[in-house]
Amino acid sequence: MHFLTILLSCLLALFGVDERPTTTSITRVVGDGTELLFSKTTQVEGQTVFECFSSASGGCHYRIWEESCPAGAHAASGDQACQRHELDRFELAVGRRHQVQGLPRGFRHCVTTGTDASCAS
């Protein structure tokens, strides 16, 4: 019976049973049949990993922020009452990754191919 329990535990581990909550965001931009940007962001237990897989400019440019809105105001509606507070800004070369600890719950981010490109609200 002990052997059966160990075997079952190993099988569950092989199938990737993992109870940690994970959020993954994929950003992929394609223009005229050419991939312009491909990036992945993964958040697990207060640790966020940003990965740049491809970029037409040779780098992925990230902005991280949090928004605070008065009660009843919604950022998605374009309400000017919401305030954006930038938390970080950085660039990653293609093939690189960057890890950030302790970002606040509900943070927002965007990734572009250049520093002059703006992030959509």
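Because the structure is predicted, anything quoted here is derived from the model rather than measured. The numbers attached to residues start from 1 for each chain and follow its sequence in the written order. Local features in this predicted model are restricted to residues of pLDDT 70 or higher, and side-chain atom pairs are both shown and tallied only at a pLDDT of 80 or more, whereas totals for entire chains, interfaces and linings draw on every residue. To get the side-chain values, take all heavy atoms of the structure and skip hydrogens and water.

**Q** Just give me the short version of unusual backbone geometry, but keep the residues and values in it.
**A** With a phi angle near 55°, Asp-32 is a residue other than glycine that sits in the positive phi range. Elements are defined by DSSP. Helices are runs of H or I of four residues or more, strands are runs of E of two residues or more, and each kind is numbered from the N terminus. Looking at the secondary structure, you find Asp-32 in the loop between strand E1 (22–31) and strand E2 (34–44). With a phi angle near 45°, Glu-45 is a residue other than glycine that sits in the positive phi range. Examined against the element boundaries, Glu-45 turns out to sit in the loop between E2 and strand E3 (47–55). Look at Glu-45 and you get exposed, because its relative accessible area is 56%. Each residue is placed in one exposure class: buried if its accessible area under a 1.4 Å probe, protein chains only, is under 20% of its type's maximum, exposed if it is over 50%, and partly exposed if it falls in between.

**Q** So what about the state of the cysteines? Which residues, and what values?
**A** By disulfide we mean two sulfur atoms from cysteines, separated by a distance within 2.5 Å. Counted by the stated rule, this structure contains two disulfides. The disulfide that involves Cys-69 links it to Cys-82, with 2.2 Å between the sulfurs. With the S-S bond torsion at 115°, the cross-link from Cys-69 to Cys-82 turns out right-handed. Within this pair, whereas Cys-69 is found in the loop between strand E4 (59–68) and strand E5 (83–93), its partner Cys-82 is found in the loop between E4 and E5, the two being separated by 13 residues in sequence.

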